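Per-entry structural report
Listed below are the residues making up each chain.
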Amino acid sequence: MNRVYNFSAGPSMLPLEVLEKAQAELLCYGDCGMSVMEMSHRTPEFEAILADAEAGLRKLMNIPQNYKVLFLQGGASTQFASVPLNLLSDHKCADYIVSGQFSKKAYLEAKKYGDIAIAASSAGATPTFSTVPETKRSDFRPDADYVHMCFNNTIYGTKFHYIPDTGNIPLVADMSSCIISEPIDVSKFALIYAGAQKNVAPAGLTIVIVREDLVGNARPDTPAMLDYKEMVEAGSMYNTPPCFAIYMAKLVFEWILSIGGLEEMKRRNEKKASLLYDYLDTQNYYTAPVDKKCRSMMNVVFVTGDAELDKKFAKEAAAAGLKNLKGHRSVGGMRASIYNAMPYEGVEALVAFMKKFAAENPKIQA
Ligand code: PMP
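Residues numbered from 1 in each chain as written. Predicted model: local features only at pLDDT ≥ 70, side-chain atom pairs only at ≥ 80, totals over all residues. Heavy atoms only, no water.

Grouped together as the largest cluster of nonpolar side chains are 93 residues, with contacts concentrated most on Met-61, Ile-180, Tyr-286 and Phe-313. The element contributing the most residues to this core is helix 6 (residues 243-259), with 12 residues. (Core = buried A, V, L, I, M, F, W, Y, C linked by side-chain atoms within 4.5 Å. Buried < 20%, exposed > 50% of the residue type's maximum accessible area, 1.4 Å probe, protein only. Helix = DSSP H or I, 4+ residues; strand = E, 2+ residues; numbered from the N terminus.)

Structure (structure tokens):
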């Protein structure tokens with residue numbers, strides 16, 4: 001069976017080398033006579049996998065020692081609640097930057113727990129959320145317990161081209177669709193969280209990187225599963241963790257380290273994104289609606305301007321082995337998610353298809 005180029009926004013492609021390694025180890029991990037899927041999490045073998053996963057991520061992202069790394073469940077969406085439950089400690093107020101659907105969901109969830117304000121929003125852009133808000137320190141309330149942002153907006157194809165200056169206010173970032181795609185300075189953030197199913201592992205794992213001083217202040221009625229302190233103290237094993245996803249994450253971290261770490265990952269991702277954006281910028285059949293300065297390197301959104309043609313595009317592309325290019329249902333058009341595991345050849349094939357489709361489907365001039 002031939003593998004296709006899968007442009008899904010998540011779950012999405014995993015590196016072939018990683019899948020092959022997992023396949024080779026599937027029936028018997030090391031000499032323990034069983035698969036990681038069948039292994040108790042309370043065994044030395046699994047404890048080593050978890051420790052290696054954490055060490056790999058720490059090395060990749062250069063995570064400072066005063067940050068804890070957690071491997072959790074519940075998806076990034078559970079963090080929409082965990083963040084306010086743990087961080088609304090002093091003034092019970094927090095500010096949100098709303099730059100897309102997920103940051104809006106995070107804002108609405110947090111509102112259940114305190115005085116939550118929208119400090120800045122790009123909902124009013126045309127098209128909506130086609131840019132990210134420009135923020136300055138004075139946009140945030142000085143007594144806010146934290147500021148929340150979403151670094152890469154998966155649906156709209158935007159990415160923050162800057163790190164908001166929040167002064168002393170802890171900055172929390174949802175990095176679900178950009179984590180480990182390029183180097184970032186972890187110390188600029190108080191907390192980073194990400195669902196793993198785009199750049200890291202199969203679905204089921206959520207990564208939280210949290211500065212130590214923010215652990216241990218959860219409100220008393222916080223469910224244990226959402227309390228960072230419980231999870232830190234239990235070493236992410238308060239209950240059964242997502243063992244197989246953690247194992248896959250470990251393999252992905254090792255793979256990125258083996259190719260040269262996040263510098264090399266960034267070089268590859270930039271090369272792929274440039275190929276696609278450069279093509280979009282030199283033709284007039286497709287439109288890329290996103291503000292150029294905040295174009296995502298991971299999710300590239302484009303439209304033909306004709307809903308029927310968009311539909312035809314996604315259908316014919318799928319038949320040609322370029323899968324899941326249909327845009328999010330709330331945006332329409334097309335979206336090519338080109339995460340870490342998408343090879344350059346996949347983007348080359350997409351651009352070739354786009355050229356062919358444009359030539360074969362001329363638009364009727366109004
Ligand atoms: N934040 C972002 C930026 C996302 O892209 C997604 C999922 N696509 C989520 C949050 C929600 O993640 P999950 O499905 O893991 O809850």
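Don't stop here, the text continues.
The next thing to look at is the site of the ligand. Around the ligand sit 13 residues in total, of which Ala-76, Ser-77, Thr-154, Asp-174 and Lys-198 are the nearest. A distance of 2.6 Å separates an oxygen atom of the ligand from a polar side-chain atom of Ser-77. A distance of 3.0 Å is found between an oxygen atom of the ligand and a side-chain nitrogen or oxygen belonging to Gln-197. Expressed as a share of its isolated accessible area of 390 Å², the protein-covered part of the ligand is 84%. Ranked by residue count, the leading element in the shell around the ligand is helix 3 (residues 75-87), at 4 residues. Taken together, the residues of the shell around the ligand break down into 4 nonpolar, 7 polar and 2 charged. (Near = heavy atom within 4 Å. Polar contact = N/O pair within 3.5 Å; in protein donor to acceptor, adjacent residues only side chain to side chain. Areas by Shrake-Rupley, 256 points an atom, 1.4 Å probe, with all protein chains shown as cover. Nonpolar A, V, L, I, M, F, W, Y, C, P; charged D, E, K, R; others polar.)

Turning our eyes to something else, we now look at the pairing of strand 3 (residues 93-98). Most of strand 3 sits out of view: 6 of its 6 residues are buried. The alternating pattern of strand 3 places Cys-93, Asp-95 and Ile-97 and Ala-94, Tyr-96 and Val-98 on opposite faces, both of which are buried. As paired strands, strand 3 and strand 4 (residues 115-121) are joined by 6 bridges and run parallel to one another. The residue of strand 4 that forms the bridge with Cys-93 is Asp-115. Regarding topology, helix 4 (residues 101-110) serves as the crossover connection from strand 3 to the parallel strand 4, and that connection is right-handed. Relative to strand 5 (residues 147-150), strand 3 is paired through 2 bridges, and the arrangement is parallel. The residue bridging Asp-95 from the neighbouring strand is Val-147, located in strand 5. (Pairing = 2+ DSSP bridges. Right-handed = clockwise from strand over helix to strand, strands pointing away.)

Keep in mind these numbers describe shape, not what the thing actually does.
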